[in-house]
Amino acid sequence: MRSDFAAARELLECAQNRLCGKDETSQRVSEALDTLIEEIAVAEFRKAPLTVVPFPRARPSKHAR
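Just so it is clear, the structure is predicted and the values come from calculations on it, not from any experiment.

The rules behind each value
- Counting restarts for each chain, with residues numbered from 1 along the sequence as it is written.
- pLDDT decides what is reported in this predicted model: residues at 70 or higher carry local features, side-chain atom pairs at 80 or more are listed and counted, and totals for whole chains, interfaces and linings draw on all residues regardless.
- Excluded from the side-chain calculations are hydrogens and water; all other atoms, namely the structure's heavy atoms, are used.
- Working definition: helices are DSSP H or I runs of at least four residues, strands are E runs of at least two. Numbering for both runs from the N terminus.
- Per-residue accessibility, obtained with a 1.4 Å probe over protein chains only, is compared with the maximum for each type, and a residue is labelled buried under 20%, exposed over 50%, and partly exposed between these values.
- Surface accessibility follows the Shrake-Rupley procedure with a 1.4 Å probe radius. Residue values consider only the protein chains on display as shielding.
- When a carboxyl oxygen of Asp or Glu lies within 4 Å of a side-chain nitrogen of Lys or Arg, that pair is called a salt bridge.
- By definition, residues are in contact when any of their heavy atoms lie within 4.5 Å.
- To count toward a patch, a residue needs a relative accessible area above 30% and no salt bridge. Like charges then connect within 9 Å, nonpolar side chains (Val, Leu, Ile, Met, Phe, Trp, Tyr) within 5 Å.
- Here the positive residues are Lys and Arg and the negative ones are Asp and Glu; neither His nor the chain ends is included.
- The atom standing in for a charge is NZ when the residue is Lys, CZ when it is Arg, CG when it is Asp and CD when it is Glu.
- Only the stretch in contact is used when fitting a helix axis, every axis being a line fitted to C-alpha atoms; angles between N-to-C directions are given from 0 to 180 degrees.
- In these notes the angle categories are as follows: under 35 degrees is roughly parallel, over 145 is roughly antiparallel, 65 to 115 is roughly perpendicular, and the rest is oblique.
- Crossings are sorted by hand: turned counterclockwise from the far helix by less than a right angle, the near helix makes the crossing left-handed, and turned clockwise it makes it right-handed.

For the protein chain, the count of helices and strands is two helices and zero strands. Expressed as a percentage of its 65 residues, the buried residues of the protein chain come to 12%. By element, 57% of the accessible surface of the protein chain is carried by carbon and sulfur atoms, the whole surface being about 6500 Å².

Our focus in this paragraph is the pattern of salt bridges. Counted under the stated rule, the structure contains three salt bridges. One salt bridge connects Arg9 with Glu13, and the closest N-O pair in it is separated by 3.4 Å. Here Arg9 pairs with Glu13, and both are found in helix α1 (residues 5-18), just four residues apart, close to one helical turn. In this structure, the salt-bridge partner of Arg9 is Glu44, at a minimum N-O distance of 2.6 Å. You can see Arg9 sitting in helix α1 and its partner Glu44 sitting in helix α2 (residues 24-45), a full 35 residues away along the chain. A relative accessible area of 23% means that Glu44 is categorised as partly exposed.

Once that is clear, we can look at the side chain of Gln16. With respect to the element layout, Gln16 can be found in helix α1. In this structure, Gln16 is in contact with Ser30, Leu33, Asp34 and Ile37, ignoring residues within four places of it in sequence.

A few words now on a negative patch on the surface. On the surface, Glu31, Asp34, Glu38 and Glu39 cluster together into a negatively charged patch. Counting through the fold element by element, Glu38 comes out in helix α2.

Quick look at the packing of α1 against α2 now. For the pair α1 and α2, the least separation of the axes is 9 Å and the interaxial angle reads 160°. Regarding the angle of α1 to α2, the classification is roughly antiparallel. By crossing handedness, the relation of α1 to α2 is classed as left-handed. Between α1, through Phe5, Ala6, Ala8, Arg9, Leu12, Glu13, Ala15 and Gln16, and α2, the contact on the second element is made entirely by Ser30, Leu33, Asp34, Leu36, Ile37, Ile40, Ala41, Ala43, Glu44 and Phe45.

Okay, here's the thing in structure tokens:
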């Protein structure tokens, strides 16, 4: 099963939005959440390695001589 990075990022962003206090704890936790959100965004948009599928060579055209 793959992680649902989009859902996790959304939940963390909601939690960060709730931390609107100007106290030191709110600010510190908000910064920590910002780091986590960024890490998840990188994982969410990371490109999976491409798989190259070989195709058979095209047949020569009947009209080509």
